[in-house]
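As a plain string of letters, each chain reads:
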Amino acid sequence: MEIRNGTVEDAERCAGVEAECFPAAEAATAEEIRSRLKYYGNHFWLLLDGEKLVGFVDGFCTDEKDLTDEMYAKAELHDENGSWQMIFGVNTIPEYRCHGYAGKLIRRAIEDARKDHRKGLVLTCKDKLIHYYAKFGFVNEGVSESVHGGVTWYQMRLTF
């Protein structure tokens, strides 16, 4: 298994993984992922089993404290010097789940954010995953303002 950063050439494969992991209303399209990779490919952590992309974590940096729906759609809002590392998606294809691979990606994102002197990381998740992210030190801040995909999201923050 190898973790590496993403490039624009990874857009189609990332979109395929995203489609396996999220309902259509929540999944980023290949075009959205391509734009994200263009602006912040170094904030895409891809997990490969040989040549097979089995999961990834992505998100951009900003000085904004809270994750907003606008951030998903506007990759150009990325600020490489931003204080906070946002996490937009934690993706692992079904046949690779329950082996700790998502955790490896999350720990790598945390390690890189710490190394880059960020204040911490912010993500949103559904209620059933609050306990999972808490294992990494994320604290539930309650219901997010996000209405992405028409579901209820909880904002979680890991502060260094």
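Computed from a prediction, not measured in an experiment: that's the story for all the values here.

(A) Broad picture of the pairing of strand β9 (residues 154-159). Counting buried residues in β9 gives five out of six residues, a clear majority hidden from the surface. Judged from the six bridges that link them, strand β7 (residues 120-125) and β9 form a sheet pairing that is antiparallel. The residue of β9 that forms the bridge with Thr124 is Gln155. For strand β8 (residues 139-143) and β9, the ladder comprises three bridges, and the chain directions are antiparallel.

(B) Just the pattern of salt bridges, in detail. Counted according to the given criterion, the structure contains 13 salt bridges. Note that Glu80 is salt-bridged to Arg118, the shortest N-O span being 3.5 Å. Of this pair, Glu80 sits in the loop between α3 (69-73) and β5 (84-87) while Arg118 sits in the loop between α4 (101-115) and β7, placing them 38 residues apart in sequence. Of the charged contacts in the structure, one is a salt bridge between Asp116 and Arg118, with a shortest N-O distance of 3.7 Å. By sharing partners, the salt bridges in this structure join Arg4, Asp10 and Arg13 into a single network.

(C) Representation of unusual backbone geometry. Its identity as a non-glycine residue notwithstanding, Cys98 has a phi of 70°, on the positive side. Its place among the elements puts Cys98 in the loop between β6 (89-92) and α4. Backbone geometry at His117 places phi at a positive 60°, although glycine is not the residue there. Within the element layout of this structure, His117 appears in the loop between α4 and β7.

(D) Seen up close, the sheet that holds β6. With antiparallel pairing, four strands are arranged side by side in an open sheet as β1-β2-β3-β6. At either end of the open sheet lies a strand with only one pairing partner, and these are β1 (2-5) and β6. Across the sheet, the axes of successive neighbouring strands diverge by a mean angle of 25°, strand direction being ignored. Here helix α2 (residues 30-40) sits on the sheet in contact with β2 (44-49) and β3 (52-58), set at roughly 110° to β2.

(E) Summary view of the packing of helix α1 (residues 11-21) against α2. Running from N to C, α1 and α2 cross one another at 125°; their axes reach a closest spacing of 8 Å. Between α1 and α2, the crossing angle belongs to the class labelled oblique. Note on packing geometry: the crossing formed by α1 with α2 is right-handed. Taken together, the residues of α2 that come into contact with α1 (itself represented by Ala11, Glu12, Cys14, Ala15 and Glu18) are Ala30, Ile33, Arg34 and Leu37. Residues of the contact of α1 with α2, tallied by class, amount to six nonpolar, no polar and three charged.

(F) Structural view of the pairing of β2. Burial runs high along β2: five of the six residues are buried. The pairing of β1 with β2 spans four bridges and is classified as antiparallel. Note on β2: the bridge partner recorded for Ile3 is Leu47. Judged from the six bridges that link them, β2 and β3 form a sheet pairing that is antiparallel. Residue pairing across strands places Leu46 opposite Phe56, the latter belonging to β3. The hairpin formed by β2 and β3 contains two residues between the paired strands, and Gly50 there has a positive phi angle of roughly 65°.

Each value, and the rule that gives it
- Counting starts from 1 at the beginning of each chain's written sequence and moves along it residue by residue.
- Local features are withheld for residues below a pLDDT of 70 in this predicted model, meaning they are given only at 70 or higher, and side-chain atom pairs are given and counted only at 80 or more; totals for whole chains, interfaces and linings count all residues.
- Values shown for side chains rest on all heavy atoms present in the structure; no hydrogens or waters enter the calculation.
- The buried label applies to any residue whose accessible area, calculated with a 1.4 Å probe on protein chains only, is under 20% of its type's maximum; exposed applies above 50%, and partly exposed to all values in between.
- To qualify as a helix, a DSSP run of H or I must reach at least 4 residues; to qualify as a strand, a run of E must reach at least 2; elements of each kind are numbered from the N terminus.
- Criterion used throughout: strands pair if DSSP finds at least two bridges between them.
- By definition, a salt bridge exists where a carboxyl oxygen of Asp or Glu is found within 4 Å of a side-chain nitrogen of Lys or Arg.
- Axis definition: a line fitted to C-alpha atoms, limited for helices to the stretch in contact. Angles are taken between N-to-C directions and run from 0 to 180 degrees.
- Pairs of residues are marked as contacts when any of their non-hydrogen atoms sit within 4.5 Å.
- Here the angle decides the label: under 35 degrees means roughly parallel, over 145 means roughly antiparallel, 65 to 115 means roughly perpendicular, and every other value means oblique.
- Less than a right angle of anticlockwise turn of the near helix away from the far helix marks a crossing as left-handed, whereas a clockwise turn marks it as right-handed.
- Nonpolar residues are Ala, Val, Leu, Ile, Met, Phe, Trp, Tyr, Cys and Pro. Charged residues are Asp, Glu, Lys and Arg, and all others, Gly as well, are polar.

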